[in-house]
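If you want the building blocks of each chain, they are given just below.
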Amino acid sequence: TCFVCQKTDGSSSKVLSTEQQKSAFIKRGIVIPAGSRFCRDHLYGKHLTFEALHQIVPTKTEPVVFDAKGVMELITECCTMVQDTKTFDFDDPTSLNDDAYYNLTGLEKDQFDNLLSTLTSMRNSYVRSIRVGLALFLVKMRLGVSNRVLSFLFHMKNKRVVSRIVHAIAEGLLKNFVPKHLGFQHIDRRTVLNCHQTLIASQLMADRDDQVILVMDGAYLFIQKSSSNQFQRRSFSMHKHRNLIKPMITTATDGYILSVQGPYLADGRNNDASVAKNIFIHNEEDVLNWLNKDDVIVVDRGFRDPVKTIYRFGFNVQMPDFLKGKKQLSSAEANHSRCVAKVRWIIESGSLNSNLINVASDFSQILSNPNPNPTLELDLNLIGVGFGAYLVLASIVGSSGHITAIDSADLSYGSPYTLGEAQKHLKNSSLGAQIMFIQTDVHQLLLDDPTLT
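Treat the numbers as computed from the prediction; the structure is a model and nothing was measured. (Residues numbered from 1 in each chain as written. Predicted model: local features only at pLDDT ≥ 70, side-chain atom pairs only at ≥ 80, totals over all residues. Heavy atoms only, no water.)

Visitor: What am I meant to see in the overall build of the protein chain here?
Guide: Within the protein chain, the regular secondary structure consists of 20 helices and 14 strands. Counting all 453 residues of the protein chain, 38% fall into the buried class. Long-range pairs, those at least 24 residues apart, make up 59% of the contacts in the protein chain between residues at least 6 apart in sequence. Of the accessible surface of the protein chain, which amounts to about 26500 Å², a share of 54% is contributed by carbon and sulfur atoms. (Helix = DSSP H or I, 4+ residues; strand = E, 2+ residues; numbered from the N terminus. Buried < 20%, exposed > 50% of the residue type's maximum accessible area, 1.4 Å probe, protein only. Contact = heavy atoms within 4.5 Å. Areas by Shrake-Rupley, 256 points an atom, 1.4 Å probe, with all protein chains shown as cover.)

Visitor: It is not clear to me how the environment of Leu43 should be interpreted in this structure. Could you clarify?
Guide: Along the polypeptide, Leu43 turns up in strand β3 (residues 43-44). A relative accessible area of 16% places Leu43 in the buried class. Along the primary structure Leu43 and Tyr126 are separated by 83 residues, whereas in three dimensions their C-alpha atoms are 7.5 Å apart. In contact with Leu43, not counting residues within four places along its chain, are Lys14, Gln20, Phe38, Leu48, Thr49, Asn124 and Ser125.

Visitor: Looking at this structure, how should I read the packing of helix α5 (residues 109-117) against helix α6 (residues 130-143)?
Guide: A packed helix pair is summarised by two numbers, namely the angle formed by the two axes and the spacing between the axes. Relative orientation of the contacting elements α5 and α6 amounts to 115 degrees, with a least axis distance of 10 Å. Once α5 is placed against α6, the crossing between them reads as right-handed. Facing Lys109, Phe112, Asp113, Leu115 and Leu116 of α5, the residues of α6 in contact are Ile130, Arg131, Leu134, Ala135 and Leu138. Residue composition of the contact of α5 with α6, by class: seven nonpolar, no polar and three charged. (Axes fitted to C-alpha atoms, helices over the stretch in contact; angles between N-to-C directions. Left-handed = near helix turned anticlockwise from the far one by under 90°. Nonpolar A, V, L, I, M, F, W, Y, C, P; charged D, E, K, R; others polar.)

Visitor: Before we go on, may I ask you to explain a negative patch on the surface in this structure?
Guide: A cluster of like negative charges, contributed by Asp98, Asp99, Glu108 and Asp110, occupies part of the molecular surface. With respect to the helices and strands, the residue Glu108 is situated in the loop between α4 (98-105) and α5. (Patch = residues over 30% accessible without salt bridge, like charges linked within 9 Å, V, L, I, M, F, W, Y side chains within 5 Å. Salt bridge = Lys/Arg side-chain N within 4 Å of Asp/Glu carboxyl O. Lys, Arg positive; Asp, Glu negative; His and termini not counted. Charge placed at Lys NZ, Arg CZ, Asp CG, Glu CD.)

Visitor: What should I look at first to understand the packing of aromatic side chains in this one?
Guide: How two aromatic rings sit relative to each other is set out by the distance from centre to centre and by the angle between their planes. Applying the stated criterion across every chain yields a total of four aromatic pairs. Measuring from centroid to centroid gives 5.3 Å for Tyr101 and Phe112, while their planes differ by 65 degrees, and the two rings are edge-to-face. Here Phe112 lies in helix α5 and Tyr101 lies in helix α4, a separation of 11 residues in the sequence. Accessibility expressed as a relative area gives 0% for Phe112, which makes it buried. Positioned over the ring face of Phe222 is Arg242, at 3.9 Å from the centre of the ring. (Phe/Tyr/Trp six-rings, centres within 6.5 Å; stacked < 30°, edge-to-face > 60°. Lys NZ or Arg CZ within 6 Å of the ring centre and 35° of its normal.)

Visitor: How do you make sense of the packing of α6 against helix α8 (residues 159-176) when you look at a structure like this?
Guide: Between α6 and α8, the shortest axis-to-axis distance is 9 Å and the interhelical angle comes to 95 degrees. Judged by the inter-axis angle, α6 sits roughly perpendicular to α8. Residues Ile130, Gly133, Leu134, Leu136 and Phe137 of α6 touch α8, and the partners they reach there are Val162, Ile165, Val166, Ile169, Ala170 and Leu173. Along the lines of polarity and charge, the residues of the contact of α6 with α8 split into 10 nonpolar, one polar and no charged. (Parallel < 35°, antiparallel > 145°, perpendicular 65-115°, else oblique.)

Visitor: I tried to follow the nonpolar core on my own but got confused; where do I start?
Guide: Among soluble globular proteins, nonpolar side chains are generally buried collectively. Ranked by internal contacts, the top residues of the largest apolar core, which has 28 residues, are Phe90, Phe112, Leu134, Leu136, Phe154, Met156 and Ile169. Counting only elements with at least two residues in this core, the list comes to α4, α5, α6, α7 (147-153) and α8. Top contributing element to this core by residue count: α6, with eight residues. Counting residues in each nonpolar core, the second largest holds 26 residues, with Phe184, Met248, Trp290 and Phe303 among its members. (Core = buried A, V, L, I, M, F, W, Y, C linked by side-chain atoms within 4.5 Å.)

Without other data, these values stay purely geometric and don't point to any function.
Dropping the structure here:
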């Protein structure tokens, strides 16, 4: 019978050694009789695993008496354990605290244990336990250190052992963890509608309660230059001037990632338009059966080529308008583009800071123009773009222009100055006469006044 899991199926083929007996006593305060047997799955190297040590249940409590020789052996064993302690011993619960787990792996200890529990298809080996293998993989992903350095930190034989461990853990995660958390088949439409679709997205773009609204966009993962000339050429982006690969990300309107497809190479054959077209034509991840007719796909202008293809499959596409030779968009086109931006901003939020820098740069160029056109006459209807933008645009349109600023927030909102105080301050400024503030729900306003849509 295994003294750890109490199995009696004949798999208890290992006999407890003296070193393992003393280790269990030092770490758990439990004396295990000599000659006890246990399953091979509870062994990591020459030691019992972390899980096995904490699974042992004492059957009775008795005082233990040591003679002088026994005390000396116990002290010697303690000294040996201290000397053999690894730099990162994830199998020893006392060697690393929560901060150490987070700094090394990017996960809290509870999160690490939760992720570990999903690797049900893996088994401990003589070289590593599943716990140590997962820790090594996460340290590799978080810190990006070489396999040679990892072999030193985790006391592995060489870098090739580390490479095999990383490969095994990656396969285990792809088999056990990823299908439950990524891909269109890991979540149903009703859950997306109830839990991950924002109210403003439904008001702006959905005609029915059962319409799902998804946001698609390509992302970049920068990689090192490959030693393979062919792969190096195909992974080089002429747009970013770097080697990279491109995953296609699909999210719900609250930012919940539904699917990450690819990655695709960065050459001219794999722009956003061609990748999206390939996904729908080849029904990647059974997306055509997951979506229903008239579901909405929100994209940027880079997806203009596959729009007709997506429409032919019965789905709606929402994309910012094009100028098409005009100097500026009409009020309806501009508002439609703003509604699209309001919904799809979530997929761009990772680069929010750089976008703000670009916007600030654009505005500074506008304001630095020494000879603005005095005859410029515009009527702008703005939806929640911010007071800074209101002032900038009021300055641009001149005294004959007009700005309609729409905001759904309560006038008492904000700190240290409320929304109402800010509006009053702007109205009392030299540009205040050109700005009209409306406190209302955007969707209701567009329904009440068709001239704004």
